[in-house]
Amino acid sequence: MKGLLRSLAGLGYGGAKGFAVQSGRGMNAHSLKINGVQDIIAVASGKGGVGKSTTAVNLAVVLASKCQLKVGLLDADVYGPSIPTMMKLHEKPEVSEAKKMIPNENYGVKCMSMGFLVEEDAPVVWRGPMVMKALEQMSRGVDWGKLDILVVDMPPGTGDAQISISQRLQLSGALIVSTPQDVALIDARRGVNMFSKVEVPILGILENMSFFTCPHCGEPSHIFGNGGARKTADKMGLSFLGEIPLEVNVRSSSDEGVPVVISNPDSAASNAYGDVAHKVVNRLEELAQGQNFRPEINL
């Protein structure tokens, strides 16, 4: 493990020059795939604080537990990894004889995160090229085995890391997470447009923290606005994947490292995550069928 970290540090700041601007369009599609992984989906947002990582975790766990799929979870937020806490995994990964990291596993999901490789409170003070190399190591330098879906918890924003991941991995689609408020939706639209530019299909928009249901009277309160993500999806011609309510147990279970779909499977939030998972699977199947029916043109 120390050797892998030294290989990252040994890059300096210029060891991966030009990595982030390389396009995958001219590369063979097979070279962009991760061996053994059927589909890779990005869970993204244009800004932080909208519940992207919470969504990625619960989606991955539901895909594994309810949809009975083989699932991996890649924490691509190098500067602020959350997956170790949310999945209650803190051990450093073992390294195989083939010099690949073996992902840690919990709740039926194989996980990889920068949080496994550095101390919990240690900052990652790296510039772009080193981050790109780290992401390459955590995606292709991992022995994922056979996976149906690899869920990528994307870093927030639409910068270098996001573009590189989109171009260097063969993403089957991207799920955009937003709250209902206008400030978050502006950045969500930027995220949609970024993925469109790199020709990654949009699986849909998910509205997180849609409403809070009063535990005393049962009335819903739309703290961050009402229906903003649905309206945005309709306006952009995208699928609306659903509403995740604002619940205390979603937050507390994330802090405790037990996703709400495990700790409280019958809650409104858990049921909503289950619906989203099935919509994602159905959308992936539709996209796969569309690719199978594309005409082949030989020049």
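Quick summary incoming for the structure in this document. This structure is a prediction, so every number in the text was calculated from the model and none was measured. Position numbers for residues start from 1 in each chain and track the written sequence from start to end. Only residues with pLDDT of at least 70 get local features here, since the model is predicted, and only at 80 or more are side-chain atom pairs given and counted; chain-wide, interface and lining totals rely on the full set of residues. Each side-chain value is worked out from all heavy atoms of the structure, with water and hydrogens disregarded.

Some points on the packing of helix α7 (residues 182-197) against helix α8 (residues 228-236)
Here is step 1: Only the stretch in contact is used when a helix axis is fitted, and all axes are lines through C-alpha atoms; the angle between N-to-C directions ranges over 0 to 180 degrees. Numbering goes from the N terminus for both helices and strands, where a helix is a DSSP run of H or I of at least four residues and a strand is a run of E of at least two. Look at α7 against α8: their axes get within 11 Å of each other, and the N-to-C directions meet at 35°. Handedness of the α7/α8 crossing: right-handed. Contact with α7, carried on its side by Leu185, Arg189, Val192 and Asn193, involves Gly228, Ala229, Thr232 and Met236 of α8 and no other residues of that element.
Here is step 2: Among the residues forming the contact of α7 with α8, the class breakdown is four nonpolar, three polar and one charged. Each crossing is labelled by how the near helix is turned from the far one, with a counterclockwise turn of less than a right angle marking it left-handed and a clockwise turn marking it right-handed. Here, two residues are considered to be in contact whenever any of their heavy atoms come within 4.5 Å of each other. Each residue gets one of three labels, nonpolar for Ala, Val, Leu, Ile, Met, Phe, Trp, Tyr, Cys and Pro, charged for Asp, Glu, Lys and Arg, and polar for the others, Gly among them.

So, unusual backbone geometry
Here is step 1: Of note, Lys88 is a non-glycine position whose phi angle comes to about 55°, a positive value.
Here is step 2: Within the fold, Lys88 resides in the loop between α4 (83-86) and β3 (104-106).

A look at empty space enclosed by the protein
Here is step 1: Both site types are read off a 1 Å grid over the protein atoms alone. A 1.4 Å probe that fits but cannot get out defines a cavity, while an open set with protein on both sides within 12 Å along at least five of seven lines defines a pocket; lining residues have an atom within 4 Å of a point. Grid points are joined across faces, edges and corners, and a volume is the space filled by probe spheres set on the points. All chains considered together, the criterion is met by three cavities of 30 Å³ or more.
Here is step 2: Estimated volume of the largest cavity: approximately 100 Å³.
Here is step 3: Taken together, twelve residues form the lining of the largest cavity, with Leu135, Glu136, Ser139, Ile165 and Leu169 sitting closest to its centre.
Here is step 4: Secondary-structure elements contributing two or more residues to the lining of the largest cavity are α5 (128-140) and α6 (160-168).
Here is step 5: Per-element accounting of the lining of the largest cavity gives the leading share, four residues, to α5.
Here is step 6: Across the lining of the largest cavity, the residue classes break down as eight nonpolar, two polar and two charged.

Examining the pattern of salt bridges
Here is step 1: Here a salt bridge means any side-chain nitrogen of Lys or Arg lying within 4 Å of a carboxyl oxygen belonging to Asp or Glu. Considering all chains together, one arrives at five salt bridges under this definition.
Here is step 2: Close ionic contact of Lys52 with Asp153 constitutes a salt bridge, the shortest N to O distance being 2.8 Å. One end of the pair, Lys52, is in helix α3 (residues 52-65); the other, Asp153, is in strand β5 (residues 147-153), and 101 residues separate them in sequence. Comparing Lys52 with Asp153 shows no difference in burial state: the two are buried.
Here is step 3: Here Glu286 ties to Arg283 by a salt bridge, and the two come within 3.4 Å at their closest N and O atoms. Of this pair, Glu286 and Arg283 both sit in helix α11 (residues 268-292), three residues apart, which is roughly one turn of the helix.
Here is step 4: Throughout, exposure labels follow a simple rule: accessible area from a 1.4 Å probe, protein chains only, divided by the maximum for the residue type, with under 20% read as buried, over 50% as exposed, and the rest as partly exposed. Taking relative accessible area as the criterion, Arg283 reaches 25% and is therefore assigned partly exposed.

Regarding the pairing of strand β1 (residues 37-44)
Here is step 1: Burial analysis of β1 places seven of its eight residues in the buried class, the great majority of the element.
Here is step 2: Pairing between strands requires that DSSP locate at least two bridges from one strand to the other. Here β1 runs beside β5; their pairing, made up of six bridges, is parallel. Pairing of Ala42 across the sheet is with Val152, part of β5.
Here is step 3: Taken together, the four bridges between β1 and strand β6 (residues 173-178) define a ladder with parallel strand orientation. In the sheet register, Val43 faces β6, and the bridge partner there is Leu175.

With respect to helix α9 (residues 248-256)
An α-helical segment advances 3.6 residues per turn. Residues three or four places apart therefore align on the same side.
Here is step 1: Among the residues of α9, those classed as buried are Val250, Ser252, Ser253 and Ser254.
Here is step 2: Note on α9: the residue one or two positions beyond its end, Gly257, has a positive phi of about 80°.

Taken by themselves, the reported measurements are silent on function.
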